[in-house]
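The residues making up each chain are set out below.
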Amino acid sequence: MFTPKMEELANPTAWINAATQIFFSLGLGLGSLIAFSSYNDYNNNFERQSIIVTLINSGTSIFASIVTFSIYGFKATVNYENCLERTRIVLLNTFNLAEDTINKNNVLDWIKILNSTYPEQFAELGNQLETCDLNDELDTAVEGVGLAFILYSEAIQNMPLPQIWSVLYFFMLLILGLGSILSTVSAITTSLQDLKILSKVSTEVLNGILCLIFLLFGLPFTTPSGNYWFTLFNEYGASLAMLFVVLIEIVMVSYLYGIKRFEKDIEDMLGHRPNWYLKIMWMAVSPLLLMFLFIFYIVNYIRGGTPTYQAWDKELGKTVVADYPVFGQVFIAILLVSVISCVPLTALHVYCMNRKRSSSIKNSQLECAAAIKF
């Protein structure tokens, strides 16, 4: 973590993952912030609150990354030492050496010595000798479910008092999941209650119905192939959708609604206008960055060939890259179209409704004029 690979900063995929993580952790593009802020007082100091929330989110993310990288390093070290031990045993059994001749600290040196001293006998070992490299272990990336439920679990097993750490860890996951879904449910509930059809339905009943629907939609993810479908939705549904929604939001506010009108709204609520830094970020930096990431996401998907995913190989004890089958690729295309089409379809619906309303008003005015003339 503290000695990063600087070349990764030139990889747009890393920035897409970073942006998606920020969107998830802050709740951007999900509607939760908009839903919660709608309950604030008109003169609430949201500018100060937004800075505090951002700082807290960044601080907790850094703390969580320290823990995550520590687990990565711990697991990589354990795998590396186990590899050295297996290699040591193979060398001792093959060359009939004394038990204390080779240890974990000098096993790599003994490989060079034995290879130069007994080249023919050493060559007969073939695939029995493993290539032990700590850097390769550290470069083995695990994400999503593999990180949360496999890598962490295996690392906890090697810790002192693993039972206590297991209870604390999975209880933390439970609380984290509940905290995340509360904001999502609140955002959906607030939007649905604004509709005339559901305005009279109580919040408790609406929340219960939503949770039941979520439960039914979540059941396929608990099947043996659940991780497969989870990866599909996570990589090709959530990430692209949030990039697109946040990009549309900032463009709409900064350019269609107008930054001048937005400044006046903020001044009316807070008593002062936003500073120049925020305006530059809203009008230039953020839209350009999001647009670049969104375009790169689409281009990378088109030019990337067959989409791949990370699958856990229990025999190798690590993740491997596998290609999606044809039906998976078709489902990915449908998923990508569905998450983007909601915005233009909604815009088309509003446009048609406005045309219908204006046409109705115009017809009413003509009828009134005809009646007055008559």
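Caption draft 1: Main features of the nonpolar core. Residues F23, Y236, L243, L290, Y297 and Y324 are the most contacted members of the largest nonpolar core, which totals 25 residues. For this core, the secondary structure elements donating two or more residues are α1 (12-26), α10 (226-270), α11 (276-303), β1 (308-313) and α12 (326-373). Apart from the residues within four sequence positions on either side, Y324 is in contact with Y228, T231, L232, E235, Y236, T306, P307, T308, Y309, Q329 and I332. Counting 15 residues, the second largest nonpolar core, distinct from the first, contains I102, L114, L125 and C132.

Caption draft 2: Structural context of unusual backbone geometry. Even without being glycine, L161 reaches a positive phi, approximately 50°. Of note, L161 is situated in the loop between α7 (145-157) and α8 (162-193). Exposure remark for L161: the relative accessible area of 56% places this residue in the exposed category.

Caption draft 3: Main features of the side chain of N44. The residue N44 is located in the loop between α2 (32-37) and α3 (46-95) in this model. A distance of 3.0 Å separates a polar atom in the side chain of N44 from a polar atom in the side chain of Q49. In this view, N44 contacts Q49 and L270; residues no more than four positions away in its chain are not counted.

Caption draft 4: Structural context of a nonpolar patch on the surface. A grouping of F171, L174, I175, L178, I181 and L182 is seen on the molecular surface, where their side chains present a nonpolar patch of about 590 Å² in accessible area. Residue placement: L182 occurs in helix α8. Residue classification places L182 among the exposed residues on the basis of a relative accessible area of 58%.

Caption draft 5: Highlighting α8. End to end, α8 covers 46 Å across 32 residues, agreeing with the expected 46 Å (1.5 Å per residue, within 8%). Of the residues making up α8, those classed as buried are Y169, S183, V185, A187, T189 and T190.

Caption draft 6: Quick peek at the state of the cysteines. The tally for this structure, following the rule as stated, stands at one disulfide. The side chain of C83 participates in a disulfide bridge whose partner is C132; the two sulfur atoms lie 1.9 Å from each other. Disulfide C83-C132: the torsion about the S-S bond is -85°, which places it as left-handed. On the criterion of sequence distance, the pair formed by C83 in helix α3 and C132 in the loop between α5 (119-123) and α6 (134-139) is long-range, its members being 49 residues apart.

Here is what the cut-offs are and how they apply
Residues numbered from 1 in each chain as written. Predicted model: local features only at pLDDT ≥ 70, side-chain atom pairs only at ≥ 80, totals over all residues. Heavy atoms only, no water. Core = buried A, V, L, I, M, F, W, Y, C linked by side-chain atoms within 4.5 Å. Buried < 20%, exposed > 50% of the residue type's maximum accessible area, 1.4 Å probe, protein only. Helix = DSSP H or I, 4+ residues; strand = E, 2+ residues; numbered from the N terminus. Contact = heavy atoms within 4.5 Å. Polar contact = N/O pair within 3.5 Å; in protein donor to acceptor, adjacent residues only side chain to side chain. Patch = residues over 30% accessible without salt bridge, like charges linked within 9 Å, V, L, I, M, F, W, Y side chains within 5 Å. Areas by Shrake-Rupley, 256 points an atom, 1.4 Å probe, with all protein chains shown as cover. Salt bridge = Lys/Arg side-chain N within 4 Å of Asp/Glu carboxyl O. Expected span 1.5 Å × (residues − 1). Disulfide = S-S within 2.5 Å.

In short, geometric facts, not functional conclusions.
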